Amino acid sequence: MRNLYCHYERFRRVLRTVAALSCVALVSACHQNDASTETSRVAGGDPERGRLLAQQYQCAACHFIPNVQGSNGDAGPSLEYMGRLSYIAGGIPNQPDNMIRFLQNPPAVKPGTLMPSLGISEEEARHMAAYMYTLR
C-alpha cells in the first residue's frame, strides 16, 4: 500500500509540474502574440490590399507567398515567414521603412540583387509590407 501511495504522490508532483509548465508556455505565447502584432503593423498599410497587390505584381512567380495566387516560384526565397525574419534580402534589418524602400526599388537598396524594380509606388509598397509582416 505504501508503494502505491509513493507512486500516487510522484504522479501528483508530475501533474503539478506539467500544469505549471503549461501555464508558463501559455503566458509566453500570449506575450509573443502581443509582440508579433505590434511589429506587424505598418502605418497606413492595409494587409489585405497588400496581398492583392502581391498578386497583381505577380510576386508569386518568383516567391512562395501564402494566400497569393500564382505559380509559387522558387527563383526567390520563400516569403512564408517574412514577418518574423530579422533581415530582408539577407542583410537589411527587417523594419517597415526598409521593407517599403526595398519593395519600391530592390536594386537601389541592395545592389546586385536579382529582384527587379517593378515600379511599385510608396503607397503600394506600404500595403505590401503590411501583408509581409502578417506572414509568421
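As shown above, the structure is provided for reference.
The paragraphs below set out a description of the structure included in this document. Just so it is clear, the structure is predicted and the values come from calculations on it, not from any experiment.

### Regarding the packing of helix α2 (residues 47-56) against helix α5 (residues 122-132)
Angle between the axes and distance between the axes: these two values describe a pair of packed helices.
Part 1 of the argument: For the pair α2 and α5, interaxial distance at closest approach is 7 Å and the crossing angle is 105°. The angle between α2 and α5 places the two elements in the roughly perpendicular class. Across the interface between the two elements, Pro47, Arg49, Gly50, Arg51, Leu53, Ala54 and Gln56 of α2 pack against Glu123, Glu124, His127, Met128, Ala130 and Tyr131 of α5.
Part 2 of the argument: Tallied by class, the residues present in the contact of α2 with α5 amount to 6 nonpolar, 3 polar and 4 charged.

### Points about unusual backbone geometry
Part 1 of the argument: In this model, Asn72 sits at a positive phi of 50°, which is unusual for a non-glycine residue.
Part 2 of the argument: Positionally, Asn72 belongs in the loop between α2 and β1 (87-88).
Part 3 of the argument: Since its relative accessible area comes to 32%, Asn72 is described here as partly exposed.
Part 4 of the argument: You will see that Ala89, though not glycine, has its phi angle at about 55°, which is positive.

Rules and cut-offs
- Residues numbered from 1 in each chain as written.
- Predicted model: local features only at pLDDT ≥ 70, side-chain atom pairs only at ≥ 80, totals over all residues.
- Heavy atoms only, no water.
- Axes fitted to C-alpha atoms, helices over the stretch in contact; angles between N-to-C directions.
- Helix = DSSP H or I, 4+ residues; strand = E, 2+ residues; numbered from the N terminus.
- Parallel < 35°, antiparallel > 145°, perpendicular 65-115°, else oblique.
- Contact = heavy atoms within 4.5 Å.
- Nonpolar A, V, L, I, M, F, W, Y, C, P; charged D, E, K, R; others polar.
- Buried < 20%, exposed > 50% of the residue type's maximum accessible area, 1.4 Å probe, protein only.

By themselves these figures say nothing about function.
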